[in-house]
Amino acid sequence: MLLEGSIIEKHNEQRLRRHNLKLASLQDEFPETEQIIRQIEAFQVAIPSWALGTGGTRFGRFSGGGEPRSLEEKMEDVGLLHQLNRASGAISLHIPWDVPQDPAAIRKLAKEYGLTFDAVNSNTFQDQPHQALSYKFGSLQHVDKAVRKQAIDHNIAVIKHGVELGSKAITVWLSDGSCFPGQLNFRGAFERTLESLQEIYQALPADWKVFIEYKAFEPNFYSMTVGDWGQSLLYASKLGPKAYTLVDLGHHLPNANIEQIVALLLMEGKLAGFHFNDSKYGDDDLTVGSINPYQLFLIFNELVEGMNARNMNHAKDLGWMIDASHNVKDPLEDLMQSVEAILIAYAQALLIDTAALKQAQAANDVVRCQELLQAAYRTDLRPLVAEARFRKGGALEPLELFRSEALRNTLIKKRGEKTVATGL
Ligand code: PSV
Ligand code: MN
Ligand code: MN
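Residues numbered from 1 in each chain as written. Chains lettered and ligands numbered in written order. Predicted model: local features only at pLDDT ≥ 70, side-chain atom pairs only at ≥ 80, totals over all residues.

You'll find the protein entered in an unreviewed UniProt entry as TIM barrel protein, with Flavihumibacter fluminis given as the organism.

In structure tokens, the structure reads:
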């Protein structure tokens, strides 16, 4: 562990009086605070292994130093995050960026850090150095059966890696599609992709799920073979009960009503979970809640309402993950901000007076509906999130502690100024 427990205790002692005052004021106003704190305590958000280094863009990459050089160091980073916020107890691996050489040792390390392995991700959007056939014109959709087989085999190998680590799902994101009209027969591409996915589906262990992630554009700019939730849901429905649709918030066309998509996928029992991030234009992968926190809150409103209606376990029945990374922030600080934004939105959604909202909806009282939502959204629930963290041994102000202890410098000293994490 990079951080001694006593440092967190000291940090908390210095802030406890102020924190308790803010908490008491919320407890005074809202009888449901205790219940909300407990629900936040149970909630964990998985960290993608590829967000621990500076993301970069296709124009350049500016490392901040001390980036993890191996899977073990990525786990060390997530372990540190989890120690600080007690809400990042899972890591999601991307193969082949994170191939575990010694699974037993990796599992042992995860245990030491208190981490579990979230969904594993396959990668058929890049050609790897020793790969026989190219994915330039697609992978699971490819017109050449041999390329499809190579991509299918890769996905099956990813499942095997996941089994060794205790993951329970594979996320398939395909860059397949076309860049120009006429390049692709849409129906043919769909059918070939479905057939390939069926083979991957057959390889799933009994207790596994496959998450089909859609994306409107990039790297293909005319059509994407899994371009929207309709297409993903078609694949998931045709595949069977172990297949679900994964929503990455940045993968929609501008102004899409993501909360409505989420509500309907949940209603159909086909929502896999999330890749949380935020965006202004496209797949910007910006820090969660940095551009449009109200949308995030509205999504959580649908989630809480829908999961309650279906008697679902908020913490366990969906996949909660971040997919954000970029060029200008310290990746660990950025992830702390993202996790915090998710927990705040969740807490605010839990605060909504749902009985009153139902009544107002039934009475077509549109003004009251808006007032009820915004009353929750405009309440500062940060003390509840901090309290949940505190009760689990985390820091009241994780970001502040990360800075005051100069933890990035510790990482730089350990790993070097010019390290590059494997990934995009
Ligand atoms: C694609 O844009 C994506 O969102 C998928 O989840 C990939 O696995 C990930 O980003 C790769 O960076
Ligand atoms: Mn994603
Ligand atoms: Mn993306």
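On we go.
> Please provide a residue-by-residue account of the overall build of the protein, values included.
Looking only at helices and strands, the protein features 15 helices and 11 strands. Relative to a compact globule of 424 residues, whose C-alpha radius of gyration would be 22 Å, the protein shows 22 Å and is just as compact. Of all 424 residues assigned to the protein, the portion counted as buried reaches 46%. The contacts in the protein between residues at least 6 apart in sequence include a share of 80% that link residues at least 24 apart. (Helix = DSSP H or I, 4+ residues; strand = E, 2+ residues; numbered from the N terminus. Rg over C-alpha atoms; globule rule 2.2 N^0.38 Å. Buried ≥ 20, exposed ≤ 12 C-beta atoms within 10 Å, placed from the backbone. Contact = placed C-beta atoms within 7 Å.)

> Summarise the sheet that holds strand β1 (residues 47-48); cite the residues concerned and give the values.
Read across the open sheet, the three strands follow the order β1-β2-β3; overall the sheet is parallel. Of all the strands in the sheet, just β1 and β3 (116-117) have a single pairing partner and so form its edges. Inspection of the sheet shows β1 paired to strand β2 (residues 90-92) by two bridges, in the parallel sense. Of the residues in β2, the one forming a bridge with Ile47 is Ile91. (Pairing = 2+ DSSP bridges.)

> Tell me about the pairing of strand β5 (residues 169-173), and please be specific about residues and values.
The element β5 is extensively covered by neighbouring structure, given that five of its five residues are classed as buried. Residues Ala169, Thr171 and Trp173 of β5 are buried on one face, and the alternating residues Ile170 and Val172, pointing to the opposite face, are buried as well. Here strand β4 (residues 120-121) pairs with β5 via two bridges, running parallel. By the bridge assignment for β5, Asn121 is matched with Thr171. By the bridge criterion, five bridges tie β5 to strand β7 (residues 209-213) in an arrangement that is parallel.

> Can you break down the pairing of β7 residue by residue, with the values?
Of all five residues that make up β7, four are buried, and the element is covered over most of its length. Two strands pair when backbone bridges link them, and β7 and strand β9 (residues 243-248) are joined in this way by four bridges, in the parallel orientation. Counterpart to Ile212 in the pairing with β9 is Thr245.

> Talk me through the packing of helix α2 (residues 33-42) against helix α13 (residues 382-391); I want residue IDs and the actual numbers.
The geometry of α2 relative to α13 is characterised by a closest axis approach of 9 Å and an angle of 60 degrees between their N-to-C directions. Judged by the inter-axis angle, α2 sits oblique to α13. Seen from above, α2 lies across α13 with right-handed handedness. Across from Thr33, Ile36, Ile37, Ile40 and Glu41 in α2, the residues of α13 making contact are Leu384, Val385, Glu387, Ala388 and Arg391. Of the residues that constitute the contact of α2 with α13, the class distribution is six nonpolar, one polar and three charged. (Axes fitted to C-alpha atoms, helices over the stretch in contact; angles between N-to-C directions. Parallel < 35°, antiparallel > 145°, perpendicular 65-115°, else oblique. Left-handed = near helix turned anticlockwise from the far one by under 90°. Nonpolar A, V, L, I, M, F, W, Y, C, P; charged D, E, K, R; others polar.)

> For the environment of Gln101, give the residues involved together with the corresponding values.
Looking at the element boundaries, Gln101 is found in the loop between β2 and α4 (103-113). The exposed category is assigned to Gln101, around which 9 C-beta atoms lie within 10 Å. Distance in space between the C-alpha atoms of Gln101 and Val147 is 26 Å, their sequence separation being 46 residues.

> Which residues make up the UniProt feature "domain: Xylose isomerase-like TIM barrel" (unreviewed entry) in the protein, and what values go with them?
The sites that carry the UniProt feature "domain: Xylose isomerase-like TIM barrel" (unreviewed entry) are, in the present numbering, residues 99-285. What you have in residues 99-285 is 37% helix and 16% strand, and the ends, taken at the C-alpha atoms, are 24 Å apart. (UniProt positions renumbered as here; feature names shortened; annotations may be inferred.)

> So what about the packing of helix α3 (residues 71-85) against α4? Which residues, and what values?
Where α3 meets α4, the closest approach of the two axes is 9 Å, and the angle between their N-to-C directions is 15 degrees. Compared by their axis directions, α3 and α4 come out roughly parallel. Taken as a pair, α3 and α4 cross one another with a handedness that is right-handed. Here Leu71, Glu72, Met75, Val78, Gly79 and His82 of α3 lie close against α4, whose contacting residues are Ile106, Leu109, Ala110 and Tyr113. Partitioning the contact of α3 with α4 into residue classes produces seven nonpolar, two polar and one charged.

> Residues and numbers for the sheet that holds β5, please.
If you walk across this open sheet you meet the six strands as β4-β5-β7-β9-β10-β11, and the pairing is parallel. The outermost strands of the open sheet, each flanked by one partner alone, are β4 and β11 (319-322). Its contacts with the sheet put helix α7 (residues 229-239) on β7 and β9, and the angle it makes with β9 is roughly 160 degrees.

> Describe α3, with residues and values.
If you check α3, its first and last C-alpha atoms are 21 Å apart, about what 15 residues at 1.5 Å a residue would give, namely 21 Å. Of all 15 residues that make up α3, 13 are buried, and the element is covered over most of its length. Among the residues trailing α3, Arg86 stands out with phi positive, at a value near 55 degrees. (Expected span 1.5 Å × (residues − 1).)

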